Amino acid sequence: MTESNGRFDKHRGERILDAAAHLIAERGVNNVRVADIAKRVGTTSGTVHYHFEFKDGLLNTAIEWAVTQAFERQAKLLDGIITPKEKLLRIVEIQLPNDQQSRHEWSIWLQFWNEASLRPELRDTHIALNQRWRSGLVEIVEEGIREGDFKPVNAKDFVDHMQALFNGLGVEVLVGTSTLEHMRATMVSFLKSSLFA
């Protein structure tokens, strides 16, 4: 990735965040240097510092930016899907770490978990992003209950269990102790047995 339009590139800040996010996913947040980000973008460290004064702030912003991009990607992939049942089954497919992009998204989210557990100043942002994810799932579950497609469960409790299963299985796939097929089958079985009417 190289710079375009020289110093007048209006998208440079976003490309810096994108490069930082990819490097975080590939190397871990503590193994990314400003020089690495600059090289990936095709610019100088000084230019990176012009846009983001401090390295920690840049990396934190890059993580938040990447998670927000993942939400937007999911929203586009769900566009046009009508029924709550189809939406949840599609979300299972979207969340499987089955290609480079989804594995990067998982890696970045895991980095965020780790950083937020160690640094209290990141927790509000982490909680807000996690709540955004959960709220979307709760809305889908409540919609399905209203329409009679789902059992009359407590939507928030169900999402707690669904999220815990997603997270645990996703980590196992990423570290090689489980497979995509097992994750998919387990999530679908959970939905069918616990929620689908």
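The preceding data block contains the structure.
Keep in mind the model is a prediction, meaning the values are calculated, not measured.

A.B. asks: What exactly am I supposed to notice about the overall build of the protein chain here?
C.D. replies: For the protein chain, the helix and strand inventory stands at nine helices and zero strands. Along the chain direction, N to C, the helices and strands of the protein chain fall in the order α-α-α-α-α-α-α-α-α. In terms of principal-axis extent, the alpha carbons of the protein chain reach across some 60 × 35 × 30 Å. Looking at the protein chain as a whole, 45% of its 197 residues are labelled buried. Put simply, 62% of the contacts in the protein chain that link residues at least 6 apart link residues at least 24 apart. Element-wise, carbon and sulfur atoms account for 51% of the exposed surface of the protein chain, whose accessible area totals about 10,600 Å². Within the protein chain, the 27 negative side-chain charges are centred at a point lying 3 Å from the centre of the 24 positive side-chain charges.

A.B. asks: Is there a simple way to think about helix 5 (residues 84-95) in this case?
C.D. replies: Because the α-helix completes a turn every 3.6 residues, residues three or four places apart line up on one side. The terminal C-alpha atoms of helix 5, which comprises 12 residues, lie 16 Å apart, in line with the 16 Å expected from a rise of 1.5 Å per residue. Considered for burial, the residues of helix 5 that qualify are P84, K87, L88, I91, V92, I94 and Q95. Buried residues of helix 5, seen end-on, are gathered within an arc of 165° and therefore sit on one face of the element. In this structure, the buried side of helix 5 is in contact with helix 4 (55-78), helix 6 (100-118), helix 7 (123-147), helix 8 (155-175) and helix 9 (180-194).

A.B. asks: What is the right way to look at the pattern of salt bridges in this model?
C.D. replies: Side-chain pairs of opposite charge can arise whenever the charged atoms involved come near each other. On inspection of all chains with the given rule, the structure shows nine salt bridges. One salt bridge in this structure joins E26 and R40, with 2.9 Å as the shortest N-O distance. Within this pair, whereas E26 is found in helix 1 (residues 12-27), its partner R40 is found in helix 2 (residues 34-41), the two being separated by 14 residues in sequence. In this structure, R184 and E93 form a salt bridge, with 2.7 Å as the shortest nitrogen-oxygen distance. Here R184, found in helix 9, pairs with E93, found in helix 5; they are 91 residues apart in sequence, far enough to count as distant. Given a relative accessible area of 28%, E93 falls into the partly exposed group. A single salt-bridge network, built from bridges that share partners, covers R27, R33 and D36.

Reading the values: rules and limits
Residues numbered from 1 in each chain as written. Predicted model: local features only at pLDDT ≥ 70, side-chain atom pairs only at ≥ 80, totals over all residues. Heavy atoms only, no water. Helix = DSSP H or I, 4+ residues; strand = E, 2+ residues; numbered from the N terminus. Buried < 20%, exposed > 50% of the residue type's maximum accessible area, 1.4 Å probe, protein only. Contact = heavy atoms within 4.5 Å. Areas by Shrake-Rupley, 256 points an atom, 1.4 Å probe, with all protein chains shown as cover. Lys, Arg positive; Asp, Glu negative; His and termini not counted. Charge placed at Lys NZ, Arg CZ, Asp CG, Glu CD. Expected span 1.5 Å × (residues − 1). Arc of directions from axis to C-beta. Salt bridge = Lys/Arg side-chain N within 4 Å of Asp/Glu carboxyl O.

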